[in-house]
Amino acid sequence: MKYYIIAGEPSGDLHGSNLMKGIMAKDPEAQIRFWGGDLMAAVGGTLVCHYRDTAVMGVWDVLTHLPKIRRNFALCRKDILDNRPDVLILIDYPGFNLPMAEFAHKNGIRVFYYIAPKTWASKEYRVKKIRKVVDRLYTIFPFETEYFKRFGIDVHYCGNPTMDAIAERHDAEESLSDFCSRTSLNPNLPIVALLAGSRQGELKYNLPAMLREADSHPECQFVIAGAPSFTAADYEHYIAGHNVKLVFNETYQLLRQAKCAIVTSGTATLETALLNCPQIVLYLMWGGGFSDFMAKKVFIKVPYISLVNLNLHRTAVEELFQKAYTPTRMHDLLNDLLSDTPYRAKMLEDYAELQSIIGLPGCSSRAAEDMVNSLLSDK
């Protein structure tokens, strides 16, 4: 059968690559075209467009890149019609993927949505469109499964693909000494991992706050996990003059060996928790107090911004969002995590509960099997 997959971000590329492996295992004759990245390309199929050429963040980015966005939509619509897949599989990225779902639906192409849009957090109006144009919706958290069921949507929960990615990471059992030797780090200094996001806007607002902590903790080594959407050049003007290291393709390994981490809110907060690395969640953006007010009163419909707290329904990790961030608050929290405090111990206990909620690896394979079987039943 013919599959068309769209992933618009690094996390989508990662989970898309594992889903592709599952599809190919269940359907050896699978023909796959996709929008994604290097990880999906390494699995096989035909790469139509790399996510580096599609990613935009925020209203200003959208306005300044409208011609490029229109070209991408036109390219995608034409390519889908030219190839007429049996199914369009969409991975998160709702700003682009929901219009493509509507287009495919109008043209008689089945639509599966893998990793549902986070309408439970904001833009709930999108639920109506999902119910209308998506044939099968796959969720990755138990709480969002119940949320979508309330709207009468055909929901399928197969687990969380982050567990698959963590289980399949390279050098999973290596020692701290081996990791430091391989990455030119000092095994005698505590490691603080910095995950500053995968978009330019996130880097611009969050990394400087993280680097201030690096300057005030010379007894530690601060290490930036380079995002796959960036190169070293993207970080150079930020880190010049700061005592930090930069590593690429080592995020899971870094988190596994780090004493703690400062993490820009997103999927990375869940990954950090599942790898048992105590963390501080940071999210800063343009607009200061105005953005803080608008986000909390208008756009964000949930009480937390981190996936850790959302799944546990309580504050397990501190969230420094906009006005909640101050250098002093960050400094105090980091000191607590660098020592063997009750605060650190309680966070690790909460992580164990989170892992029981998320469940075991195998999500990608289970979702792929469900997708293939569903398509075969319609033949």
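Above this text you will find the structure in question.
Chains are numbered independently. Their residues run from 1 in the order of the written sequence. Local features in a predicted model are, by the rule used here, given only for residues with pLDDT of at least 70; side-chain atom pairs are given and counted only at 80 or more, and totals for whole chains, interfaces and linings are based on all residues. Side-chain numbers here rest on the full set of heavy atoms in the structure, without hydrogens or water.

Colleague: Report on the sheet that holds strand β13 (residues 319-321), specifying residues and quantitative values.
Modeller: Read from one edge to the other, the open sheet built from six strands follows the order β10-β9-β8-β11-β12-β13, with strand pairing classed as parallel. Of all the strands in the sheet, just β10 (244-248) and β13 have a single pairing partner and so form its edges. Neighbour-to-neighbour, the strand axes of this sheet turn through a mean angle of 20°, independent of strand direction. Pairing between strands is defined by DSSP: at least two bridges between the two strands are required. By the criteria applied, helices consist of DSSP H or I runs no shorter than four residues and strands consist of E runs no shorter than two, each listed in order from the N terminus. In terms of strand pairing, strand β9 (residues 221-226) meets β10 through five bridges, oriented parallel. Bridge pairing in β10 links F222 to V244. Should any heavy atoms of two residues lie within 4.5 Å, those residues are considered in contact. With axes taken as lines fitted to C-alpha atoms, and helix axes fitted only over the stretch in contact, angles between N-to-C directions fall between 0 and 180 degrees. Against the sheet, helix α11 (residues 232-239) makes contact with β9 and β10, and its axis sits at roughly 170° relative to β10, the strand it touches most.

Colleague: Lay out the pairing of strand β3 (residues 46-50) with the relevant residues and their values.
Modeller: Inspection of the sheet shows strand β2 (residues 31-36) paired to β3 by four bridges, in the parallel sense. Its bridge partner lying in β3, F34 is registered against L47. Since β2 and β3 lie parallel, the crossover through helix α2 (residues 38-43) that links them has a hand, and here it is right-handed. Here is how to tell: hold the view so the strands point away, follow the path from the first strand over the helix to the second, and if it runs clockwise the crossover is right-handed.

Colleague: Which residues make up the packing of aromatic side chains, and what values go with them?
Modeller: Centres within 6.5 Å are what make two rings of Phe, Tyr or Trp a pair, Trp counting through its six-membered ring; a difference in plane orientation under 30 degrees is then read as stacked, over 60 as edge-to-face, and the rest as tilted. Taken as a whole, this structure holds twelve aromatic pairs when the rule is applied. Between the aromatic rings of Y235 and F248, the centroid separation amounts to 6.0 Å while the plane-to-plane angle is 70°, which identifies the pairing as edge-to-face. Separated by 13 residues along the polypeptide, Y235 in helix α11 and F248 in strand β10 bring together distant segments of the chain. These aromatic residues form a ring-pair network of at least three members: W35, F73, Y93 and F96.

Colleague: Would you mind going over the pattern of salt bridges in detail, with residue names and values included?
Modeller: Think of a salt bridge as a Lys or Arg side-chain nitrogen and an Asp or Glu carboxyl oxygen that are within 4 Å of each other. Following the criterion strictly, the structure yields 20 salt bridges and no others. D92 is the salt-bridge partner of K118, the closest N and O atoms lying 3.2 Å from each other. Of this pair, K118 sits in the loop between β5 (110-114) and α6 (126-133) while D92 is found in the loop between β4 (87-91) and α5 (94-106), placing the two residues 26 residues apart along the sequence. Owing to a relative accessible area of 32%, K118 belongs among the partly exposed residues under this scheme. The rule is simple: take the accessible area with a 1.4 Å probe, protein chains only, and divide by the maximum for that residue type; under 20% is buried, over 50% is exposed, in between is partly exposed. Overall, D92 belongs to the buried group, its relative accessible area being 14%. Salt-bridge contacts for D370 lead to R136; the nearest nitrogen and oxygen are separated by 2.8 Å. Placement of D370 in helix α18 (residues 363-377) and of R136 in strand β6 (residues 136-139) is noted, with a sequence separation of 234 residues between them. On the basis of relative accessible area, D370 is assigned to the partly exposed category, the value being 22%. Among the residues examined, R136 registers a relative accessible area of 14% and is labelled buried.

Colleague: Which residues make up the packing of helix α13 (residues 267-274) against helix α17 (residues 342-358), and what values do they have?
Modeller: At a minimum axis separation of 9 Å, α13 and α17 run at an interaxial angle of 110°. With respect to α17, the axis of α13 lies roughly perpendicular. In this structure, α13 uses L270, T272, A273 and L274 to contact α17, whose residues at the interface are Y351, L354, Q355 and I358. The scheme is simple: roughly parallel for angles under 35 degrees, roughly antiparallel for over 145, roughly perpendicular for 65 to 115, oblique for anything else.

Colleague: Tell me about α11, residues and numbers included.
Modeller: For α11, the set of buried residues is Y235, Y238 and I239. Looking down the long axis of α11, one finds its buried residues gathered within 80° of arc, a one-sided arrangement. Turned more than 90 degrees off the buried face of α11, the exposed positions are E236 and H237. Check the buried side of α11 and you find it contacts α10 (200-216), β9 and β10. Backbone geometry just downstream of α11 places G241 in the positive-phi region, at approximately 85°. The arc under discussion is defined with respect to the helix axis, by the directions toward the C-beta atoms.

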